[in-house]
Amino acid sequence: MIDPRLLPLLPGFRAEVAEHVDYLQQLFETCDSLAPERWQADLKDALRRAHGVKGGALSLGYSGLGQAAHVLEDALAHFQRSAERPDSEWRQAMYDVAAVMRAMSEHDPGGDAKVGHDKVAALAARVAPFGPITEAVEVAPRAAAIRPALEPAREATGPGADPPNRAAVDVVRVPGAKLDRLMASVGELMTASARCGALAHAWSQDVEQLAEFLPKVSPSVRRELSAVLSRLEHQARRARNEQRGLQQVVENFTGSIKSARMIALESEVPLWRRTVREAAQLVEKEVVLHVDVAEIELDKLAIDQLSQPLLHLLRNCVDHGLEVPEDRFEVGKPRVGVIEIVARLRGTQVELCIRDDGRGLDRALIEQKAVVRGVVRAEDAAAMDDDAIFSLLFAAGFSTRDAAGPLSGRGVGLDAVAHAARQLGGSARITSQGPDSGTTVTLLIPTNIASIRGLLVRAEDGTFVLPLDAVERVTRIGVADVKALGGRPVVQIAGDAAVRLCALPGAAGPDAPSRKGRFPIVAMRRGEERLALAVDEVLRDADLVVRPLPWNVRGTPSALGGVILDDGTVAILMDVAHLFETGIQASFQSSTEAAAPAWTAAGETRTSGAAAPRRLLVVDDSLTARALAKDALERVGYSVELASDGSEAWERLQVEEFAAVVSDIDMPNLDGIALTRRIRGSARLAHLPVLLVTTRNAQAMIDEGARAGADEYVIKGEYAMNALLAVLARQLGKAS
Amino acid sequence: MSTEEIDEASYARILEQRARRLLQTVERVEHRHTIAVLVVRVANDLVGICADQLDGAVELDTVAHLAGAPPFVLGLAVYRGALVSVVDLAAWLQIGRVERATGLVVVATHTQEPVAFRVDTIEGVRSLPAQTLDQSPSGGPAPRALTLAVTADLVRVLDLSTILTHPEFAPRGRR
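Cut-off values and rules
- Residues numbered from 1 in each chain as written.
- Chains lettered and ligands numbered in written order.
- Predicted model: local features only at pLDDT ≥ 70, side-chain atom pairs only at ≥ 80, totals over all residues.
- Heavy atoms only, no water.
- Helix = DSSP H or I, 4+ residues; strand = E, 2+ residues; numbered from the N terminus.
- Buried < 20%, exposed > 50% of the residue type's maximum accessible area, 1.4 Å probe, protein only.
- Contact = heavy atoms within 4.5 Å.
- Arc of directions from axis to C-beta.
- Polar contact = N/O pair within 3.5 Å; in protein donor to acceptor, adjacent residues only side chain to side chain.
- Axes fitted to C-alpha atoms, helices over the stretch in contact; angles between N-to-C directions.
- Left-handed = near helix turned anticlockwise from the far one by under 90°.
- Nonpolar A, V, L, I, M, F, W, Y, C, P; charged D, E, K, R; others polar.
- Core = buried A, V, L, I, M, F, W, Y, C linked by side-chain atoms within 4.5 Å.
- Salt bridge = Lys/Arg side-chain N within 4 Å of Asp/Glu carboxyl O.
- Pairing = 2+ DSSP bridges.
- Parallel < 35°, antiparallel > 145°, perpendicular 65-115°, else oblique.
- Phe/Tyr/Trp six-rings, centres within 6.5 Å; stacked < 30°, edge-to-face > 60°.
- Lys NZ or Arg CZ within 6 Å of the ring centre and 35° of its normal.
- pLDDT = per-residue confidence, 0-100.

Undergrad: Looking at this structure, I do not really get the overall build of chain A. What am I missing?
TA: On a plain count of helices and strands, chain A comes out with 21 helices and 23 strands. Split into buried and exposed, the 736 residues of chain A put 50% on the buried side. Long-range pairs, those at least 24 residues apart, make up 70% of the contacts in chain A with a sequence separation of at least 6.

Undergrad: Help me understand the overall build of chain B, please; the structure alone is not making it clear to me.
TA: Looking only at helices and strands, chain B has three helices and ten strands in total. Along chain B, from the amino end to the carboxyl end, the secondary structure elements read α-β-β-β-β-β-α-β-β-β-β-β-α. Buried positions account for 43% of the 175 residues belonging to chain B.

Undergrad: What is the right way to look at helix H19 (residues 672–681) of chain A in this model?
TA: For an α-helix, 3.6 residues make a turn, and residues three or four places apart therefore share a direction. All names here are of chain A. Among all positions in H19, only Gly672, Ile673, Leu675, Thr676 and Ile679 are buried. Viewed end-on, H19 has its buried residues packed into an arc of 160°, placing them on one side of the element. The opening residue of H19, the one whose side-chain oxygen lies 3.1 Å from the backbone nitrogen of Ile673, is Asp671.

Undergrad: Honestly, the packing of helix H3 (residues 63–82) of chain A against helix H5 (residues 117–127) of chain A in this entry has me stumped. Any pointers?
TA: Pairs of packed helices are described in terms of their axes, by the angle between the two and the distance that separates them. Residues and elements named next belong to chain A. At a minimum axis distance of 9 Å, the contact between H3 and H5 shows a crossing angle of 35°. Our pair here, H3 against H5, has a crossing hand that is left-handed. Contacts from Ala68, Val71, Leu72, Asp74 and Ala75 in H3 reach Val120, Leu123, Ala124 and Val127 in H5. When grouped by side-chain class, the residues that make up the contact of H3 with H5 number eight nonpolar, no polar and one charged.

Undergrad: Just to check I follow, could you spell out the nonpolar core for this structure?
TA: One finds Leu466, Met524 and Ile572 of chain A together with Phe117, Ile163 and Phe169 of chain B to be the most contacted residues of the largest nonpolar core, which totals 57 residues. Ignoring sequence-local partners within four residues, the contact set of Ile572 of chain A consists of Thr463, Phe464, Val465, Ala559 and Gly561 of chain A together with Ala64, His65, Leu66 and Leu76 of chain B. One finds Val287, Leu298, Leu313 and Leu322 of chain A within the second-largest nonpolar core, a separate group that totals 48 residues.

Undergrad: How should the pattern of salt bridges be read in this particular structure?
TA: Pairing is possible between side chains that carry opposite charge, provided their charged atoms lie close to one another. In the structure shown here, the tally under the stated rule is 28 salt bridges over all chains. With a shortest N-O distance of 3.3 Å, Arg554 of chain A and Glu113 of chain B are connected by a salt bridge. Residue Arg554 of chain A is located in the loop between strand E16 (537–545) and strand E17 (559–564), and its partner Glu113 of chain B is located in strand E7 (residues 113–118); the two belong to separate chains. Residues joined by salt bridges that share partners form a network here, namely Glu323, Arg328, Lys333 and Asp357 of chain A.

Undergrad: Where do I start with the sheet that holds strand E2 (residues 287–292) of chain A in this structure?
TA: Consider a sheet: its strands pair through backbone hydrogen bonds, and that pairing is either parallel or antiparallel. All names here are of chain A. In spatial order, the strands read E2-E4-E5-E7-E6; together these five strands make up an open sheet with mixed pairing. Sheet topology places E2 and strand E6 (427–432) at the edges, where each strand pairs with a single neighbour. Adjacent strand axes in the sheet meet at a mean angle of 15° when their direction is disregarded. The pairing of strand E5 (residues 349–356) with strand E7 (residues 439–446) spans eight bridges and is classified as antiparallel. The residue of E7 that forms the bridge with Ile354 is Val441. Sheet contacts for helix H9 (residues 269–283): E2 and strand E4 (337–346); angle to E2, the most-contacted strand, approximately 165°. Where helix H10 (residues 300–321) meets the sheet, its contacts fall on E2, E4, E5 and E7, and the angle it forms with E5 comes to roughly 20°.

Undergrad: Even after reading the chapter, I still don't get the sheet that holds strand E3 (residues 54–60) of chain B, so can you show me in this structure?
TA: Residue and element names in this part refer to chain B. Ordered in space as E3-E6-E7-E5-E4, the five strands form an open sheet in which the pairing is mixed. Strands with a single pairing partner mark the edges of an open sheet, and in this sheet they are E3 and strand E4 (73–79). Across the sheet, the axes of successive neighbouring strands diverge by a mean angle of 30°, strand direction being ignored. Bridge count between E4 and strand E5 (residues 82–88): six bridges; the pairing is antiparallel. The residue bridging Gly75 from the neighbouring strand is Val86, located in E5.

Undergrad: Help me understand the packing of H3 of chain A against helix H4 (residues 88–105) of chain A in this model?
TA: Residues and elements named next belong to chain A. The contact between H3 and H4 brings their axes to 9 Å, and the two run at 155°. One finds that H3 runs roughly antiparallel with respect to H4. H4 is crossed by H3, and the crossing has left-handed handedness. For the pair formed by H3 and H4, the contact residues are Gly64, Leu65, Ala68, Ala69, Leu72, Ala75, Leu76, His78 and Phe79 on the first element and Trp90, Met94, Val97, Met101, Met104 and Ser105 on the second.

Undergrad: What exactly am I supposed to notice about the packing of aromatic side chains here?
TA: Both the distance between ring centres and the angle between the ring planes are used here to describe each pair of aromatic rings. Residue and element names in this part refer to chain A. The full count for this structure, using the stated rule, is seven aromatic pairs over all chains. Aromatic pair Phe79 and Trp90: ring centres 4.9 Å apart, planes at 90°, arrangement edge-to-face. Highlighted residues: Phe79 in helix H3 and Trp90 in helix H4, separated in sequence by eleven residues. We note that Phe79, like Trp90, is buried. Directly above the ring of Tyr23 sits Arg49, whose terminal nitrogen or CZ lies 3.9 Å from the centroid. Of note, Arg126 hangs over the ring of Trp90, and the distance from its end group to the ring centre comes to 5.2 Å.

Undergrad: Looking at this model, I keep getting lost on the confidence of the model for chain B. Mind explaining?
TA: When pLDDT drops low, the exact placement of atoms in the prediction is not to be read closely. Residue and element names in this part refer to chain B. On average, residues of chain B carry a pLDDT of 82, and 81% of them reach 70 or more. In the model of chain B, helix H1 (residues 8–32) stands out as the element of lowest mean pLDDT, 71, in contrast to E4, which has the highest, 93. Interface confidence for the predicted complex, given as ipTM, is 0.78, next to a pTM of 0.47.

Undergrad: Where do I start with the pairing of strand E6 (residues 103–110) of chain B in this structure?
TA: Residues in a regular strand point their side chains to alternate faces of the sheet. Residue and element names in this part refer to chain B. Across the eight residues that make up E6, a large majority, seven, are buried. In the sheet, E3 pairs with E6 via six bridges, with the strands oriented antiparallel. Bridge assignment links Glu59 to a residue of E6, and that residue is Leu104. Where E6 and E7 come together, six bridges link them in antiparallel fashion. Following the sheet pairing, Val106 is matched in E7 by Phe117. Between E6 and E7, which pair antiparallel one after the other, the connecting turn spans two residues, and Thr111 there sits at a positive phi close to 45°.

Undergrad: Got a minute to help me understand the confidence of the model for chain A in this structure?
TA: Residues and elements named next belong to chain A. In the predicted model, chain A carries a mean pLDDT of 77, and the fraction of residues at 70 or more is 81%. At the level of individual helices and strands, chain A shows its lowest average pLDDT in helix H6 (residues 141–146), which scores 34, and its highest in strand E18 (residues 570–574), which scores 91. Within the model, pLDDT remains below 50 along residues 136–169, and this stretch shows 55 contacts once partners closer than five positions in the same chain are excluded. Throughout residues 584–612 the model reports pLDDT below 50, and contacts reaching past four residues in sequence, or to other chains, amount to 100 contacts.

Undergrad: Would you explain unusual backbone geometry in this entry?
TA: Residues other than glycine predominantly adopt negative phi, and peptide bonds predominantly adopt the trans conformation. All names here are of chain B. One non-glycine residue with positive phi stands out, namely Ala43, at about 45°. With respect to the secondary-structure elements, Ala43 resides in the loop between strand E1 (34–42) and strand E2 (45–50). The exposure class of Ala43 is partly exposed, given its relative accessible area of 25%. Despite not being glycine, Gln94 has its phi angle at roughly 60°, a positive value. With respect to the secondary-structure elements, Gln94 resides in the loop between helix H2 (89–93) and E6.

Undergrad: Sorry if this is basic, but what is going on with the environment of Glu472 of chain A here?
TA: Residues and elements named next belong to chain A. Structurally, the position occupied by Glu472 is in strand E10 (residues 471–477). By relative accessible area, which is 34% here, Glu472 ends up partly exposed. With 52 residues separating them in the primary sequence, Glu472 and Met524 have C-alpha atoms 5.1 Å apart. Setting aside residues up to four positions removed in sequence, Glu472 forms contacts with Ala523, Met524, Arg525 and Arg530. Here Arg525 takes part through its side chain, which lies 2.5 Å from a polar atom of the side chain of Glu472.

Undergrad: Would you explain the side chain of Asp645 of chain A in this entry?
TA: Residue and element names in this part refer to chain A. Considering the arrangement of structural elements, one finds Asp645 in the loop between strand E20 (639–643) and helix H18 (646–655). What makes Asp645 buried here is its relative accessible area of 9%. There is a polar contact of 2.8 Å between the side chain of Asp645 and the backbone nitrogen of Glu648. Setting aside its immediate chain neighbours within four residues, Asp645 contacts Val619, Met667, Pro668, Asn669 and Leu670.

Shown next, in the form of structure tokens:
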């Protein structure tokens with residue numbers, strides 16, 4: 001009797017076996033024609049697949065299949081070790097066993113032992129002279145508990161053998177790309193249906209308008225016109241009803257497609273287990289993996305995107321998080337380390353926690369590495385809370401290790417996980433309770449990422465979608481409600497603490513002439529962070545089909561996708577995480593609290609303005625940075641002069657005229673902050689725009705720059721030049 | 001008539017005539033192998049694009065600005081029910097910039113996905129001999145657009161595929 005809990009896993013397992021067998025049989029057919037390197041690579045892959053089948057089979061109680069896969073694995077390992085190619089007899093023998101594996105998988109666990117025993121035995125006899133090659137096969141404890149006594153293998157397939165389980169044919173494997181295309185078509189259908197609705201509505205309105213003329217025409221014309229209008233009204237009503245029916249069908253269809261895209265997280269478990277086992281063997285640690293992801297499903301795209309980063313993370317846990325058995329023993333822990341993966345549904349999101357009971361995060365070490373690598377300044381790091389320090393581990397290439405090991409240490413794992421979570425519209429957080437208390441990485445992933453419930457808002461630059469689960473409230477404020485704190489605009493909503501205020505791309509600033517009265521803001525939350533976003537208009541909330549960005553702009557930091565609206569225009573789905581990050585990099589305009597704060601467009605990195613050539617002084621001690629800045633600025637029409645430090649810049653400022661100064665901060669002789677102070681202290685130069693550009697994204701640095709009198713602050717990095725061009729255009733526009 | 005009966009001068013004349021006829025045949029064959037080139041105006045320059053690299057041309061009423069995209073990307077629009085990025089061809093070629101994002105675009109496809117190039121006007125279609133467009137990229141850094149030919153009236157015929165596969169064209173997306 002098979003454990004009923006295993007039944008849902010069987011269709012997926014059968015499909016997996018079929019896929020592996022297809023691969024193996026094709027390899028045996030074509031191996032003669034493969035180049036040596038390709039043969040070795042494919043052989044390795046074949047071994048992995050045979051091993052995968054064995055592991056899955058034994059977990060499910062397929063003892064015969066496990067044995068067959070083991071024998072095949074031995075045969076493959078023999079050829080890997082000997083570097084020989086199998087002759088035709090060997091190839092046939094392995095091919096037959098692969099076929100037997102497929103036939104076995106079509107039976108229920110337990111029934112497989114009766115199938116193709118002679119073929120397996122024949123291959124085993126061929127392999128035997130080469131001695132034991134891979135570890136012996138054992139029935140997994142889980143399967144053993146289900147069926148304590150496995151029947152001995154009986155005769156091969158034949159009239160007496162059990163028929164294959166026909167339930168297998170109920171599972172149809174559909175390539176993911178086909179589902180994606182289907183989903184895209186559904187999106188178009190939704191759009192077309194909505195447009196039909198809008199047309200029917202417009203038609204009704206036209207009829208009503210025409211009806212207003214009835215009293216003004218002669219009775220005979222009125223009769224004729226009235227009859228025509230009645231028919232038109234009837235048809236318009238019918239069209240509206242038909243469209244509602246169509247809309248319902250489309251919604252049902254959408255629901256079915258979304259459901260078809262959902263994949264059980266459980267399907268990834270074998271891969272997780274294998275990865276942990278292999279990683280543990282490699283670094284000689286003892287690890288057990290506990291998984292509790294029952295009944296949690298995620299969109300296919302989410303599974304695809306998270307799969308590899310999660311494997312990185314698991315390897316990281318084994319290699320980096322868990323101690324070697326001796327060290328664990330010394331601190332009173334069991335020798336066997338534990339990794340736990342737990343998934344829970346939290347509203348419309350899945351919370352996926354990956355915990356280990358290892359050494360935990362060493363705040364001091366992370367801080368030290370971050371300072372050494374110039375990610376933060378020592379004094380800033382000291383002021384950061386644990387969460388902020390730990391989140392530095394998500395930065396690309398950041399690792400606390402001095403050298404990369406075979407499994408981790410390249411600073412890739414956590415970065416990849418956070419990036420994947422963000423791309424899916426989710427988030428990642430890393431926490432640790434202290435030394436020796438383990439580490440937890442928590443991912444929040446939307447359950448369905450093909451469609452989203454979003455708030456449609458408008459700014460001058462177009463229509464935008466804000467994910468509704470990040471929206472806290474929508475309200476209106478007046479210009480007088482905008483205050484400055486640390487040189488940055490903030491607003492207080494309903495007596496709560498002051499919240500950073502920024503604007504959607506193109507939205508008017510608080511002091512713009514168009515902002516005469518009150519204007520709408522959207523209060524947003526991400527974890528503990530809050531942000532107020534000024535918009536020009538709040539339109540409505542709606543279920544929206546999100547399409548990926550076109551291929552050449554995929555990965556644009558501010559946007560996660562696009563939505564085609566009923567009127568055929570495009571709304572941009574904003575990346576909430578990026579909104580918060582660009583909000584953090586808010587520009588400042590004044591060193592005084594009372595002055596009007598600068599208006600920062602969240603996510604804005606557009607190049608604009610720069611119509612008239614202006615003479616700029618670029619100050620940087622890095623030759624490369626100077627050359628890059630000069631090239632980029634001259635390309636858009638600026639005239640650029642260079643200085644290699646603050647002293648040289650100061651000398652040139654005494655005798656030459658510039659429209660603005662773009663300066664690095666860390667420089668020998670006279671740094672950017674000191675240069676700014678001198679400029680502000682000079683009666684002639686006091687109003688010269690000064691833009692500070694640096695790699696340091698630290699509040700203390702921003703505040704120091706603001707106090708010195710800098711106008712804006714741009715963080716170096718990807719698209720930083722676009723941001724610089726935008727703020728230059730803004731500053732020079734202001735100055736003129 | 002046997003060759004022995006023809007004098008040397010006549011023999012040479014006959015051979016020359018045959019050679020000329022052969023040459024005319026070759027020229028006729030070569031001229032039949034022409035390629036249709038769509039000529040568009042971009043920032044006062046005439047640019048030719050091989051028609052077989054294009055999917056269509058449409059007038060776009062709306063283009064949604066995409067903050068954070070490279071400067072030559074004007075935004076996103078809808079083309080045949082799909083999202084498409086709109087690229088300012090003048091900006092990409094570094095010869096100018098369109099005044100507004102909306103307007104005429106020619107649409108090319110790359111790995112079955114469309115990309116729209118904003119142009120000022122379509123000037124017409126020319127047929128150019130294929131051999132004149134047979135260029136291959138030289139060594140060195142990838143050009144922002146390989147020029148296949150420049151016609152007598154200064155139409156610069158571009159190889160669109162060099163744009164679509166240029167590293168800066170899709171800096172983060174897949175190529």
